[in-house]
Amino acid sequence: MAHALYMASFSLLLTKLSTGQREVTVQKGPLYRAEGYPVSIGCNVTGHQGPSEQHFQWSVYLPTAPAREIQIISTKDAAFSYAVYAQRVRSRDIYIDRVQGNSVFLHISKLQMKDAGEYECHTLNTDEKYYGSYSAKTNLTVIPDTLSATKHPQTLSKEEGEALELTCKASKATAQHTHLSVTWYLMQQEESGQPTKIISLSRDFMLIPGPSYTERFAAGDVRLDKLGVTTFRLSIGRLQPSDQGQLFCEAAEWIQDPDETWISITKKQTDQTTLRVQPAVRDFQVSITAESTFTEGKPLELVCLVVGSGRDPQLQVVWLLGGIEIAHIDAGGVLDLQKHYKDRVSQGQLQLSKLSPKAFSLKIFSAGPEDEGAYSCAVTEVVKTPMGSWQVLQRKQSPVSQVHLKEPAARSVVVSTQQQAVWEGEPLTLLCKAGGTESPLSVSWWWIPRDQTTPMLIADMEQDGTVQLGASPGGHRSHGNTRLDKVDRVTFQLEITSTTVTESGVYECRVSERIRNQAKELHWTHNISVTVKSLKSSLQVSLMSRQPKVKLTDTFDLSCMVGATCAGLVLPFTVTWQFQPAKSPVFHQLIQITHNGTVQWGDFLPQFHKKTKVSQSSYRSQLLIHDSSMEETGMYQCKVEVYDRNSLHTNNPARASATSYPLKISVTLPESKLRVNASSQVQEISINSNTVIECSILSQHTRNLQLAITWYFSPISTHTSWLKILEMDQTNVIKYGDEFHTPRRKQKFHTAKVSQNLFQLHILSVDDSDQGEYYCAVEEWLLTPNGTWQKLGGEKSGLTKLKLKPTGSKVSVSRVYQIENATEHGNVDIHCSLEGSGGSTSLYSVTWFWSREDGRLHMLVHLQHNGLLEYGDEGHRRHLHCYRSSPTDFVLQLHQVEKEDAGVYWCRVAEWQLHGHQSKWVNQASDESQLMVLTVLSAEPTFQERICSSAPLLYFLVVCPIVLFGLLLILLLCLYQKARKLSRQSLRAQKERSLWVGMKRAGGGTTDRREDAEEDECS
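Note that this is a predicted model, so its numbers are computed, not measured.

Cut-offs and rules
- Residues numbered from 1 in each chain as written.
- Predicted model: local features only at pLDDT ≥ 70, side-chain atom pairs only at ≥ 80, totals over all residues.
- Heavy atoms only, no water.
- Helix = DSSP H or I, 4+ residues; strand = E, 2+ residues; numbered from the N terminus.
- Buried < 20%, exposed > 50% of the residue type's maximum accessible area, 1.4 Å probe, protein only.
- Contact = heavy atoms within 4.5 Å.
- Areas by Shrake-Rupley, 256 points an atom, 1.4 Å probe, with all protein chains shown as cover.
- pLDDT = per-residue confidence, 0-100.
- Disulfide = S-S within 2.5 Å.
- Salt bridge = Lys/Arg side-chain N within 4 Å of Asp/Glu carboxyl O.
- Core = buried A, V, L, I, M, F, W, Y, C linked by side-chain atoms within 4.5 Å.
- Pairing = 2+ DSSP bridges.
- 1 Å grid on protein atoms, 1.4 Å probe; cavity = no way out; pocket = protein on both sides within 12 Å on 5 of 7 lines; lining within 4 Å.
- Points joined across faces, edges and corners; volume = space filled by probe spheres on them.
- Nonpolar A, V, L, I, M, F, W, Y, C, P; charged D, E, K, R; others polar.
- Axes fitted to C-alpha atoms, helices over the stretch in contact; angles between N-to-C directions.
- Phe/Tyr/Trp six-rings, centres within 6.5 Å; stacked < 30°, edge-to-face > 60°.
- Lys NZ or Arg CZ within 6 Å of the ring centre and 35° of its normal.
- Patch = residues over 30% accessible without salt bridge, like charges linked within 9 Å, V, L, I, M, F, W, Y side chains within 5 Å.

## Quick word on the overall build of the protein
Next, step 1: In terms of helices and strands, the protein carries 10 helices and 73 strands.
Next, step 2: Counting over 1019 residues, the protein shows a buried share of 40%.
Next, step 3: A sequence separation of at least 24 residues applies to 60% of the contacts in the protein between residues at least 6 apart.
Next, step 4: Summed over all atoms, the accessible surface of the protein reaches about 56500 Å², with 52% contributed by carbon and sulfur.

The following block contains the structure:
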C-alpha cells in the first residue's frame, strides 16, 4: 500500500512538473494572398490544462477600424459569428478544420478584398488559473489577382514523327516579390478529368518533365523554352500517337511566407489546343538471309531483315520452319517457343536475338539433320494505343529460304575480326577458323610489322592444347598482354588485351594437320591486315561557356567537351580544371576528376568547392559555378587524359592527353540603375519650427542591393564649403560629420528611412544657422559572396534651399579687411565688432573659424550666448581664449603662436532671443566678418635677416667689394706698364751686344780690351 501511495504521489508530481505556461501561436505574418483564392491560417495552443481538445475562436481587426474586434467563427459557439460573416460561415466559405485537439486551421475558400486585416486566434480558458497567453495575432493582406495566362484555341492535325510547337503567354503585375511557374498538360479522351503533365518550369526556374515524358525529355525530344519575359514555348521534336488529346498551359504565381515556405496564391489555365496524331504507316519488305548449306555440329544462323517502314518501328517476329511456327517474339521482347525449342534454349543450343530495330537473328549453335528445311519469318508492325493494347498496322512475310545439310569439305582456313581498325588501348580479337575434316590441328600466329617482310612468331598451340608464346607485337610488353585460346575444335582465337600503335601490321594464321600414318604435315595459311589508330592524334578537347561575360553573383557554366573523332569509343578519362587569374602568368588547379571517380579540389580558391556543382558524362565534364565573384575573373582551361579500359585494375599510365584552348571568363559588376530625384526646391519656414527634407529614389536595381545615404549642407556664409551632416552607410550605421559631432547638433539632425525608395532628414528647432542649401548623395552597394562590398554607382539629389521667414532681427558685423603680423611664440589678439549697440533683449554668440593654406576649414571656439565656451578641438583649450571685451566687441586671443597658426581667421556672430517661453533661446539672425590674414614671423632672426636689418653692415658688404675690385685693377695696370718697359730695355741691350761682337771680329785685341772694360763697368 505504501508503495502504491508513493507511485501515485510521484505521478502527481510529474503531472505538475509537466504542466507549463499556456502559449497560443499562429502562423507568422504578414501573409499575402490573392483575391478570389483560398487561404489557411494555422493556430496551435500548448502548455494548457484541462481537456486535450481545446476550443478556438477567430476574430479580425479591419484596417478601417483597427481597435474594433469582429467575430468570425468559433469551434464552440455556433452563434459566435457577426452578421457580416454569418452567411459565409453557414455556406462553408469560412470554416475551421481541426488537425489535433490543440491545433486548428482557419479556412477561407474565396478571399475578398475586404478580408484583409489582423486576425486573432483566441483559446478559451480551461486552466485552474490564468497563466500565459490566450491569443495570438497575424496580418493578412489581400492583393489583386494580376495573373494572366492566354493561348489561342486551335485544332491541329499532325502525323507521327512531325514536330510540334505551342506557345502561351503568362504574366503578373503583383507589387510583392513573387515567382511564376508554367506547366503544360495533356488531357486524353480516355482519361477521367486528370490531365497528364508534359513538362513544367518550376518557380525555382527548374525544368521538370512529367513521368510519361522523362525519357523523351532526357533525349531532347521534349523542351520548354522561355521566349522573352512572358512567352513560353512547348516543343516536341517527334510526335507519337500517345501525344493525341487536348493540350493546355497552366500558370501559377508563388509567394514566400515569413516562415520561408512557398505558397501558390493564384493559378490560371489557357484555352485548349486539340491535337490529332495520325500514326505513320509505311510499307516495308521482309527478307531472310542464311547459308544454303550447313555442316553438322556447326552453328547455323538465320537473319530476318526488315527494309522500309518508319524509324524505330514496333515489330513482332514469327519464325517458321516448313510453314510451322517455331518461335514468336512480340514488340515488347517477350519470347514464346515450341516445347522442343524451349529445351534447346535452356541447354544453350539455340538463341533468338534482336540485332537492331529491323534485324532479328535465329542462331543454332550445333545444327543437326533436324534443322534442315524451309525457313521463313513473318513480321507484324504494331503501335501501342493509349489504353495499352497493341494495334496491328501491317504484316509481311519473307520468301522461303531452303537450308540443306552439306557433306564435309576439304580443309580451308579463314582469319576474321570484327574490326580491322581499332583504337589504341582497345582489345584486338582475331579468329582463325579451319574447315573440312575433324582431325586434331595445331595453329601458330605470326605478325609482320608495317614496312617489313620478316614475320615474327606471336604464339602457337599444339594438337594437345599446349600453348607457347613468342615475341609480343610491338616488342615492348610482356606476354601477359597476349592470349591464345581454342574456341572449338577448328576455331582458334588470338586476343591482344590492350593494343598500341606499333602493333599495326599483318597477322597470319598457320594451321597444321598431321595425317595419320604419315610423317609429313599439311599446312594452310590465311592473313589479315590490322590498323591500330592513335588516340593522341584524334583526341580533341574544347572548352565552352554560354556566358563568358558574367555579372557579379550570377551563375555561369563551363563545359569541357571531348572530341567526337573517337566516335563509338568510350574510354575512362581524367579531367583537370585549371584557372589563371587576371594578371597572373601561371595556371592553378581548381579540381581534378580522375578516371576512377576520385575528386580532388585545389586550394587556390578556398570557397570554389562550396559553390560549384560538378557533372561528368562519357564525353563531357561540366562545372556550374554559383554566386560568381571578382576573384573568378581570368582564363580557364581543361586537360583531358585518356586511359585504357583496364586502367582501373592495372594502374597503367594515360594513353593520351590534350589541353583545351584557354577560355576567358569576365566577372563584372552589374550596371547601376540608380536614379535620384534631381529637382530643386525651396522651403521657407518659421524660426524654431521643425522641417523635413526628402531624398527620393526614382529607380534602383531589381537585385537586393543596399543604399548608403549622405546628407550635405552649405550655409549661407560665403566662407564655408559643403559640410557633411551625417552618413548612413549600406549597413545602416550612422556617422556624423566632423562639424556635427556635438550633442546639440546630433539632437538637431537625424535621418530616417521611410521606405526602400524614400529617405528623410529631420531638422528640429530650425534657427538662423540652419539656413542654406541641402542635398543627399546616394550610393548603391552590392554584398559579394566573399563578404566584401562593391559600389555600383552613385547619384546626387537636387538642392533644397532652406530659408527662414523674416523676423525683423538683423546682425551686422564690421567688414574691415585686416592683416596681422605676429612674432613666433608671442601672443596676438584678433577683434570682431558689431556695428550698432544691438537689442537690449538679445544675447550674442560668436564662433571663430580658421582656414589654413591647404584650404581645410577648422572651427576653433564657440562662445555661446550663455557664456559657455565650446572648443572645436580640446587641444586648443590651452592655446586659445575667447572673450567679450564690450557689448559689441569680441576678441580671439592666441597664446604662444607657431608658424602653423598662420592663415585666414573670421568670426560669425549670432543673435539669440527668447522664443515662446522663458527657457527657450532661439538663433534669430547671424552675420560673418571679413577675412583677417595672420602672418607669423620667426622669433630668432636668421643670418640674412640680421644683415638686412643693419644698414652700416649692409653698406660695408656692398661698397667694400667695389673698392677692392678697383684697387686690384690699378695694381694690374702698373704691373703691365713695368713689364713693357723691361721688355724694351732687354731688346736694346741685345742689339748693342750684337754690334760689339761684330767689332771684335774686325779689331782683335782692341776689342777684347773694350769688352773687358765693359765687363768691369758692368761688374
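## Points about the confidence of the model for the protein
Next, step 1: Across the protein, the average pLDDT comes to 83, with 88% of residues at 70 or higher.
Next, step 2: Predicted confidence for residues 1002–1019 stays below pLDDT 50, and this span has 9 contacts to residues more than four positions away or in other chains.

## Points about unusual backbone geometry
Next, step 1: Residue Gly-29 is joined to Pro-30 through a cis peptide bond whose omega torsion reads 0 degrees.
Next, step 2: Positive phi outside glycine occurs at Glu-260, with the angle close to 70 degrees.
Next, step 3: Inspection of the secondary structure assignment puts Glu-260 in the loop between β18 (245–256) and β19 (262–269).
Next, step 4: Look at Asn-732: it is not a glycine, yet its phi comes out positive at around 70 degrees.
Next, step 5: As for its position among the elements, Asn-732 is in the loop between β57 (723–728) and β58 (734–736).
Next, step 6: Exposure remark for Asn-732: the relative accessible area of 45% places this residue in the partly exposed category.

## Some details on the state of the cysteines
What makes a disulfide is a covalent bond joining the sulfur atoms belonging to two cysteines.
Next, step 1: Counted by the stated rule, this structure contains 7 disulfides.
Next, step 2: Through a disulfide, Cys-560 is tied to Cys-638; the S-S separation comes to 2.1 Å. Negative torsions about the S-S bond denote left-handed disulfides, and the value of about 75 degrees found for Cys-560 with Cys-638 makes this one right-handed. Of this pair, Cys-560 sits in strand β44 (residues 556–562) while Cys-638 sits in strand β50 (residues 634–642), and the two are 78 residues apart along the sequence.
Next, step 3: Between the sulfur of Cys-695 and that of Cys-776 lies a disulfide, 2.0 Å long from S to S. Its torsion about the S-S bond being 65 degrees, the disulfide of Cys-695 and Cys-776 is classed as right-handed. Here Cys-695 is found in strand β55 (residues 691–699), whereas its partner Cys-776 is found in strand β61 (residues 772–783), with 81 residues between them in sequence.
Next, step 4: Judged by relative accessible area, which is 0%, Cys-695 ranks as buried.

## Quick look at the pattern of salt bridges
Next, step 1: For the structure on display, the rule yields 19 salt bridges.
Next, step 2: Ionic pairing is found between Asp-343 and Lys-339, a salt bridge with its closest N-O pair at 3.6 Å. Residue Asp-343 and its partner Lys-339 are located together in helix α4 (residues 339–346), separated by 4 residues, close to a single helical turn.
Next, step 3: Residue Asp-557 is joined to Arg-546 by a salt bridge in which the shortest nitrogen-to-oxygen separation is 3.6 Å. Of this pair, Asp-557 sits in strand β44 while Arg-546 sits in the loop between β42 (541–544) and β43 (549–551), and the two are 11 residues apart along the sequence.
Next, step 4: Taking the relative accessible area as the measure of exposure, Asp-557 reaches 4% and is therefore buried.

## Some details on the nonpolar core
Next, step 1: Ranked by internal contacts, the top residues of the largest apolar core, which has 35 residues, are Leu-558, Trp-577, Leu-590, Tyr-636, Val-640 and Ile-665.
Next, step 2: Counting residues per element, the ones that place at least two in this core are β42, β44, β45 (573–581), β46 (588–593), β49 (620–625), β50, β51 (656–659) and β52 (663–668).
Next, step 3: Non-local contacts of Leu-590, meaning those with residues more than four positions away in its chain, are made with Trp-577, Gln-578, Phe-579, Gln-600, Trp-601, Gly-602, Leu-605, Phe-608 and Tyr-636.

## Focus on the sheet that holds strand β60 (residues 758–763)
Next, step 1: In space, the 4 strands of this open sheet follow the order β53-β55-β60-β59, with antiparallel pairing throughout. The strands lining the two open edges of the sheet, one partner per strand, are β53 (675–676) and β59 (749–755).
Next, step 2: Summarising the sheet, β53 and β55 pair through 2 bridges and their orientation is antiparallel. The residue of β55 that forms the bridge with Val-676 is Ile-697.

## Some thoughts on the side chain of Asp-770
Next, step 1: Here Asp-770 shows up in the loop between β60 and β61.
Next, step 2: The residues contacting Asp-770, other than those within four sequence positions of it, are Phe-713, Arg-745, Lys-748, Phe-749, Ile-763, Ser-765 and Leu-802.

## A few points about the environment of Asn-44
Next, step 1: Relative to the elements of secondary structure, Asn-44 occurs in strand β3 (residues 39–46).
Next, step 2: With 17 residues separating them in the primary sequence, Asn-44 and Gln-27 have C-alpha atoms 9.0 Å apart.
Next, step 3: Beyond its immediate stretch of four places on either side in the chain, Asn-44 contacts Glu-23, Val-24, Thr-25, Asn-102 and Ser-103.

## Some details on the layout of surface pockets
Next, step 1: Each pocket or cavity is described by its volume, and for the largest pocket that value is around 1700 Å³.
Next, step 2: Residue lining of the largest pocket: 38 residues in total, with Leu-201, Asp-204, Phe-205, Met-206 and Lys-226 positioned closest to the centre.
Next, step 3: In terms of residue count, strand β13 (residues 178–187) provides more of the lining of the largest pocket than any other element does, 3 residues in total.
Next, step 4: Looking at the lining of the largest pocket residue by residue, the classes come out as 13 nonpolar, 16 polar and 9 charged.

## Structural notes on the environment of Val-400
Next, step 1: Along the polypeptide, Val-400 turns up in the loop between β30 (390–397) and β31 (401–405).
Next, step 2: In this structure Val-400 comes out as exposed when scored by relative accessible area, which is 59%.
Next, step 3: Separated by 25 residues in sequence, Val-400 and Tyr-375 place their C-alpha atoms 5.6 Å apart.

## Some thoughts on the sheet that holds strand β34 (residues 428–435)
Next, step 1: Taken together, the 4 strands give an open sheet; going across it, the order is β32-β34-β39-β38, and neighbouring strands pair in antiparallel fashion. Across the chains shown, the open sheet's two edge strands, defined by having one partner strand only, are β32 (412–416) and β38 (482–486). Sheet twist, expressed as the mean angle between neighbouring strand axes with direction ignored, is 15 degrees.
Next, step 2: Note: β34 against strand β39 (residues 491–496), 6 bridges, orientation antiparallel. Within β39, the position partnered with Lys-433 by the bridge is Thr-491.

## Side note on the packing of aromatic side chains
Next, step 1: Counted according to the given criterion, the structure contains 11 aromatic pairs.
Next, step 2: Measuring from ring centre to ring centre gives 5.7 Å for Phe-849 and Trp-906, while their planes differ by 20 degrees; the resulting arrangement is stacked. In this pair, Phe-849 is assigned in strand β66 (residues 843–851) and Trp-906 in strand β71 (residues 903–914), connecting sequence segments 57 residues apart. Across this residue pair, the class does not change: Phe-849 and Trp-906 are buried.
Next, step 3: Within the aromatic cluster, the residues linked to one another by ring pairs are Phe-556, Phe-579, Phe-604 and Tyr-636.
Next, step 4: A cation sits over an aromatic face here: Lys-137 above Tyr-61, 4.4 Å from the ring centre.
Next, step 5: Seen from the ring of Trp-254, Arg-203 lies directly overhead, with NZ or CZ sitting 4.8 Å from the centre.

## Description of helix α2 (residues 83–90)
Every α-helix carries 3.6 residues per turn, so stepping three or four residues along brings you back to the same face.
Next, step 1: The complete set of buried residues in α2 reads Tyr-85, Ala-86, Arg-88 and Val-89.
Next, step 2: Where α2 terminates, the next one or two residues include Arg-92, which has phi positive at roughly 65 degrees.

## A word on a nonpolar patch on the surface
Next, step 1: A cluster of nonpolar residues, Val-963, Leu-964, Leu-967 and Ile-970, forms a patch on the protein surface that exposes about 400 Å² of accessible area.
Next, step 2: Locating Val-963 in the fold gives a position in helix α9 (residues 951–1003).

## So, the pairing of β61
Next, step 1: Within β61, 9 of the 12 residues are buried, leaving the element largely enclosed by the surrounding structure.
Next, step 2: Relative to strand β63 (residues 800–804), β61 is paired through 3 bridges, and the arrangement is antiparallel. Bridge pairing links Gly-772 to Leu-802 in β63.
Next, step 3: As paired elements, β61 and strand β62 (residues 789–796) share 7 bridges and run antiparallel to each other. The partner of Val-778 across the bridge, within β62, is Glu-795.
Next, step 4: In this structure, the hairpin formed by β61 and β62 is closed by a connection of 5 residues, where Gly-787 is found at a positive phi of approximately 90 degrees.

## Considering the pairing of strand β72 (residues 921–928)
Next, step 1: In terms of burial, β72 is a largely internal element, 6 of the 8 residues being buried.
Next, step 2: Pairing geometry for β71 and β72, over 7 bridges, is antiparallel. Note on β72: the bridge partner recorded for Arg-908 is Glu-928.

## Side note on the side chain of Ser-666
Next, step 1: As for its position among the elements, Ser-666 is in strand β52.
Next, step 2: Once residues within four sequence positions are removed from consideration, Ser-666 is found in contact with Pro-548, Lys-549, Val-550 and Thr-633.

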